[in-house]
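As a plain string of letters, each chain reads:
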Amino acid sequence: MAAVDVIVDNLVTLWRIPAVRHNFHWIFLLISLVGSILKELELVPQTYFSSNRNALNVYFVKVSWGWTLLLLTPFLLLSNSSFNRSVSFLGRRLLSLAVATAVWYACTETFFYIEDATGSCFETDRLEIINKELVSKASCRRAGFHWHGYDISGHSFILAYSALFIIEETAPMAFLKTASLSALPRMVLNLLYVALNLIVIVWVWMFACTSVYFHDPSHKLLGTMCGLLGWYLTYRV
């Protein structure tokens, strides 16, 4: 496991660099802006990731919050028990997961509502013939038609928010390096930390793919801003 220890040391060192940690959130806004411009100018060629059926999108992004909670929950339990073994302390740390999940749920449900409220059901993908009997996206798609509304990018929101959330909650790893942990908890903690960093890389990559291949510019920018705002309110305000 020496190789894992080296990887953990390098990752901890990276995230302790002030310029990296304090400016990480701006990367998402920059990617969203540049990606939107490239998409509108059609400068990026079609690739495997330009299809929404690519494996990363199907098995990771579409259940991205599940992956975030699956890896972060045991990390929080194990890492915070090293600082303080009281139930109230661990409860406060796990409360961050509940708050973040509430932010995720509220934003995604709001996005769905806005798309329903502003949309119409069209019988062809050319958006020519409106079916006025179907007044929701779900009923429209069940009928085999096409719903067109203001579709705030849920991908842009959840990928930016999840990545920032993970970085904030894994910050104690810098202090856990010197904590007195036995071999097995240390190994598990290191593996979880590496896995969480890999997930962050996947989220950033798929965020970039979303920016250059999908959605209108305003949809992506608004989704990104919602993700940044959710992070800012919970960790800076």
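Residues numbered from 1 in each chain as written. Predicted model: local features only at pLDDT ≥ 70, side-chain atom pairs only at ≥ 80, totals over all residues. Heavy atoms only, no water.

The chain appears in an unreviewed UniProt entry as Fat storage-inducing transmembrane protein 2 from Liparis tanakae. UniProt, in the comment section headed Subcellular location (unreviewed entry), describes the chain in these words: "Endoplasmic reticulum membrane". (UniProt positions renumbered as here; feature names shortened; annotations may be inferred.)

(A) Spatial organisation of the UniProt feature "transmembrane region" (unreviewed entry) in the chain. As recorded in UniProt, the feature "transmembrane region" (unreviewed entry) lies at residues 64-83, 157-176 and 188-206. Between the C-alpha atoms that bound residues 157-176 the distance is 30 Å, and the span itself is 85% helix and 0% strand. In residues 188-206, helix accounts for 100% and strand for 0%; the two terminal C-alpha atoms are 27 Å from one another. (Helix = DSSP H or I, 4+ residues; strand = E, 2+ residues; numbered from the N terminus.)

(B) Summary view of the packing of helix H5 (residues 87-118) against helix H10 (residues 217-235). Viewed as axis vectors pointing N to C, H5 and H10 meet at an angle of 150°, and their least axial separation amounts to 11 Å. Considering the angle they form, H5 stands roughly antiparallel to H10. For the element pair H5 and H10, the recorded crossing hand is right-handed. In this structure, H5 uses Ser96, Val99, Val103 and Phe111 to contact H10, whose residues at the interface are Cys226, Gly230, Thr234 and Tyr235. Grouping the constituent residues of the contact of H5 with H10 by class yields five nonpolar, three polar and no charged. (Axes fitted to C-alpha atoms, helices over the stretch in contact; angles between N-to-C directions. Parallel < 35°, antiparallel > 145°, perpendicular 65-115°, else oblique. Left-handed = near helix turned anticlockwise from the far one by under 90°. Contact = heavy atoms within 4.5 Å. Nonpolar A, V, L, I, M, F, W, Y, C, P; charged D, E, K, R; others polar.)

(C) Looking closely at the nonpolar core. Core analysis: the biggest nonpolar cluster contains 50 residues, and Phe24, Phe75, Met173, Tyr193 and Trp203 have the highest contact counts within it. Every element with two or more residues in this core is listed here: helix H1 (2-15), helix H2 (18-40), helix H4 (64-83), H5, helix H7 (154-169), helix H8 (173-176), helix H9 (183-213) and H10. Looking at which element gives the most residues to this core, the answer is H9, with 14 residues. (Core = buried A, V, L, I, M, F, W, Y, C linked by side-chain atoms within 4.5 Å. Buried < 20%, exposed > 50% of the residue type's maximum accessible area, 1.4 Å probe, protein only.)

(D) A look at H10. Taking 1.5 Å per residue as the helical rise, H10 with its 19 residues ought to reach 27 Å, and the 27 Å between its terminal C-alpha atoms agrees with that figure. When we look at burial in H10, the residues that qualify are His219, Lys220, Gly223, Thr224, Gly227, Leu228, Gly230 and Trp231. The buried residues of H10 occupy an angular sector of 160° when projected down its axis, which confines them to one face. Looking at the packing, one finds that the buried side of H10 touches H2, H5, H7 and H9. (Expected span 1.5 Å × (residues − 1). Arc of directions from axis to C-beta.)

(E) Representation of the packing of aromatic side chains. The full count for this structure, using the stated rule, is 17 aromatic pairs. Arranged with centres 5.2 Å apart and planes meeting at 85°, the rings of tryptophan 15 and phenylalanine 24 form a pair that is edge-to-face. Like phenylalanine 24, tryptophan 15 is buried. These aromatic residues form a ring-pair network of at least three members: Trp65, Trp104, Tyr105, Phe111, Phe157, Tyr161, Phe165 and Tyr235. (Phe/Tyr/Trp six-rings, centres within 6.5 Å; stacked < 30°, edge-to-face > 60°.)

(F) Inspection of the side chain of serine 36 at higher detail. Note on placement: serine 36 falls in helix H2. When sequence neighbours within four positions are dropped, the list of residues in contact with serine 36 reads Ile31, Ser211, Pro217 and Lys220.

(G) Local environment of the pattern of salt bridges. The final tally for this structure, using the stated rule, is four salt bridges. Here arginine 21 makes a salt bridge to glutamate 168, at a shortest N to O gap of 3.5 Å. Of this pair, arginine 21 sits in helix H2 while glutamate 168 sits in helix H7, placing them 147 residues apart in sequence. Note that glutamate 115 is salt-bridged to lysine 137, the shortest N-O span being 3.0 Å. Taken together, the residues glutamate 115 in helix H5 and lysine 137 in helix H6 (residues 137-142) connect sequence positions 22 residues apart. By relative accessible area, glutamate 115 is classed as buried at 5%. (Salt bridge = Lys/Arg side-chain N within 4 Å of Asp/Glu carboxyl O.)

(H) Region of the structure containing the state of the cysteines. With the rule as written, the count across this model stands at one disulfide. What pairs with cysteine 121 in a disulfide is cysteine 140, and their sulfur atoms sit 2.1 Å apart. Disulfide cysteine 121 to cysteine 140: torsion about the S-S bond roughly 80°, handedness right-handed. Taken together, the residues span a long stretch of sequence, with cysteine 121 in strand E1 (residues 120-122) and cysteine 140 in helix H6 at a distance of 19 residues. Judged by its relative accessible area of 1%, cysteine 121 falls in the buried class. Classification of cysteine 140 as buried rests on a relative accessible area of 0%. We note that cysteine 107 lacks a disulfide partner, and the nearest cysteine sulfur, in cysteine 226, lies 5.5 Å from it. (Disulfide = S-S within 2.5 Å.)

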